[in-house]
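Fold and contact review
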Amino acid sequence: MTQAEQARDVIGWCRRLATMSDDRTATTRTFLSKPMRDVHTALAGWMARIGMKVRVDAAGNLRGVYPAASSEPEDVRKRFYIGSHLDTVPNAGAFDGVLGVVLAVGLLEMLGGRRFSYAIEVIGFSDEEGVRFGTPFLGSRALAGTFDAGLLDRPDESGRTVGDAIRGFGLDPNRIPDAKVRGDALGYLEFHIEQGPVLEHKDLPLGVVDVISGQSRLDFTFNGAAAHAGTTPMSLRKDALAGAASWIVEVEKDALAVPGLVATVGRIAVEPGAGNVVPARASLALDVRHATDDVRHAAVDRLTRAAERIAAERRLAITVEPRLDQLSVPMDRKLSEMLARAVEQAGCPVERLTSGAGHDAMVVAEKMPAAMLFLRCAGGISHHPDEDVREDDVAVALTAGVKFLEELGRKAQLNG
Ligand SMILES: [Zn+2]
């Protein structure tokens with residue numbers, strides 16, 4: 001197959017797998033649902049046809065090993081991982097996650113039987129989005145050895161636990177420790193759609209991820225006093241929503257002034273929430289992200305002080321509750337440089353991007369060197385049925401992937 005044919009095939013696979021859904025009318029695939037098994041069956045068949053040894057680990061990750069040219073098959077020091085996730089958000093598109101797994105298999109198929117001095121394990125993670133159990137990365141945590149056994153008791157909406165789901169899929173939750181990578185693997189590569197508009201805006205097919213942004217999430221509550229909208233003069237009000245509104249504008253202004261900083265108030269709840277009552281309480285959720293943790297922490301401090309100042313000026317009370325402080329995760333420098341060279345050899349300008357979204361690579365990076373390649377996606381759209389990628393971009397990603405594996409082969413030989 002030519003690159004163009006292989007790219008068309010990869011996209012066709014993604015579209016086909018999107019029909020395997022928990023939902024009749026949309027693409028929704030949650031942790032170890034029945035359609036996840038259909039996806040495993042389909043992909044496992046393809047993997048086996050190109051000479052891969054396939055299994056499903058106890059965390060429900062689909063894993064296929066493309067053997068090395070020779071030598072000890074179990075030696076993880078001579079194993080390179082390529083993967084992404086096979087679960088989706090509700091009403092998803094066909095490419096977020098799935099593309100990274102399908103592209104990996106397509107890449108190996110394109111080798112036409114050629115082997116390297118190292119084995120390549122393709123891994124389709126069972127859960128990245130965290131939809132069913134409200135906690136993400138169940139699959140990659142098992143690979144990295146950071147799957148906390150307490151997670152097994154976590155229930156979904158119907159009361160079935162993670163452990164139940166694993167047993168229901170015919171797997172043994174006690175064997176999750178076996179899913180962990182033992183020893184030092186060569187590294188991990190993840191192909192993923194950008195989920196943002198930058199590549200499209202710059203008219204570029206691919207981007208090498210330099211760092212996955214850290215995130216802060218906090219809840220802010222402004223407390224004032226409910227009062228009659230007709231009888232309470234403006235000067236005598238304690239309007240919680242008006243205070244919150246002026247703070248939201250400050251959040252936007254602050255983030256606009258700092259390169260790379262993004263800050264979002266994405267949720268607001270107002271009480272009592274009647275058209276003729278001055279609002280007594282406004283509860284808001286703030287999300288702040290930046291590639292550098294110090295910059296992010298400083299922004300959170302500034303925005304917290306701004307909320308306190310606005311509250312004081314308006315005689316409101318304020319409470320701030322931190323919900324999440326996740327550190328940024330840099331991608332491995334050497335692996336990323338190798339990836340950048342591969343992109344260049346594929347005939348593409350090298351664009352470095354910060355990932356504003358979390359990815360499996362972030363979890364796997366705790367265990368081995370990790371790198372990520374973003375593919376342009378139409379309109380920057382993700383988590384939506386309109387998700388789309390271009391055939392040309394997939395073709396150039398495949399070419400870059402082959403160049404990458406070739407250079408890794410030369411390096412691994414030197415080190416081995
Ligand atoms: Zn994803």
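Let me sum up the structure you'll find in this document. Just so we're clear, the structure is a prediction, and the values are computed from it rather than from any experiment. (Residues numbered from 1 in each chain as written. Predicted model: local features only at pLDDT ≥ 70, side-chain atom pairs only at ≥ 80, totals over all residues. Heavy atoms only, no water.)

1. Some words on the pattern of salt bridges
All told, the structure shown has 27 salt bridges when counted by the stated rule. Taking the shortest distance from any N to any O, the salt bridge between Glu121 and Arg79 comes out at 2.6 Å. Here Arg79 lies in strand S3 (residues 79-85) and Glu121 lies in strand S4 (residues 119-125), a separation of 42 residues in the sequence. Using a relative accessible area of 1% as the deciding quantity, one classes Glu121 as buried. Given a relative accessible area of 10%, Arg79 falls into the buried group. Among the salt bridges present, the one from Arg323 reaches Asp219, with a minimum N-O distance of 2.7 Å. Residue Arg323 is located in strand S12 (residues 317-326), and its partner Asp219 is located in strand S7 (residues 214-223); the two are separated by 104 residues in the primary sequence. The network of salt bridges with common partners includes Asp57, Arg63, Arg79 and Glu121. (Salt bridge = Lys/Arg side-chain N within 4 Å of Asp/Glu carboxyl O. Helix = DSSP H or I, 4+ residues; strand = E, 2+ residues; numbered from the N terminus. Buried < 20%, exposed > 50% of the residue type's maximum accessible area, 1.4 Å probe, protein only.)

2. Here we look at empty space enclosed by the protein
Taken as a whole, this structure holds two cavities of 30 Å³ or more when the rule is applied. For the second largest cavity, the calculated volume is near 40 Å³. Along the walls of the second largest cavity sit Cys14, Leu17, Ala18, Thr27, Arg29, Thr88, Gly93, Ala94, Phe95, Asp96 and Val98, which together make up its complete lining. Looking at the lining of the second largest cavity, the element that brings in the most residues is helix H1 (residues 3-18), giving three residues. Taken together, the residues that form the lining of the second largest cavity break down as six nonpolar, three polar and two charged. (1 Å grid on protein atoms, 1.4 Å probe; cavity = no way out; pocket = protein on both sides within 12 Å on 5 of 7 lines; lining within 4 Å. Points joined across faces, edges and corners; volume = space filled by probe spheres on them. Nonpolar A, V, L, I, M, F, W, Y, C, P; charged D, E, K, R; others polar.)

3. What to know about the packing of aromatic side chains
Applying the stated criterion across every chain yields a total of seven aromatic pairs. Relative to Phe133, the ring of Phe31 lies with its centre 5.9 Å away and its plane at 80°, an arrangement referred to as edge-to-face. Residue Phe31 is located in the loop between H1 and helix H2 (34-49), and its partner Phe133 is located in the loop between S4 and helix H4 (138-144); the two are separated by 102 residues in the primary sequence. Assigned by exposure class, Phe31 and Phe133 land together as buried. Considering the side-chain rings of Phe80 and Phe404, the 5.5 Å spacing of their centres and the 50° angle between planes classify their relative orientation as tilted. (Phe/Tyr/Trp six-rings, centres within 6.5 Å; stacked < 30°, edge-to-face > 60°.)

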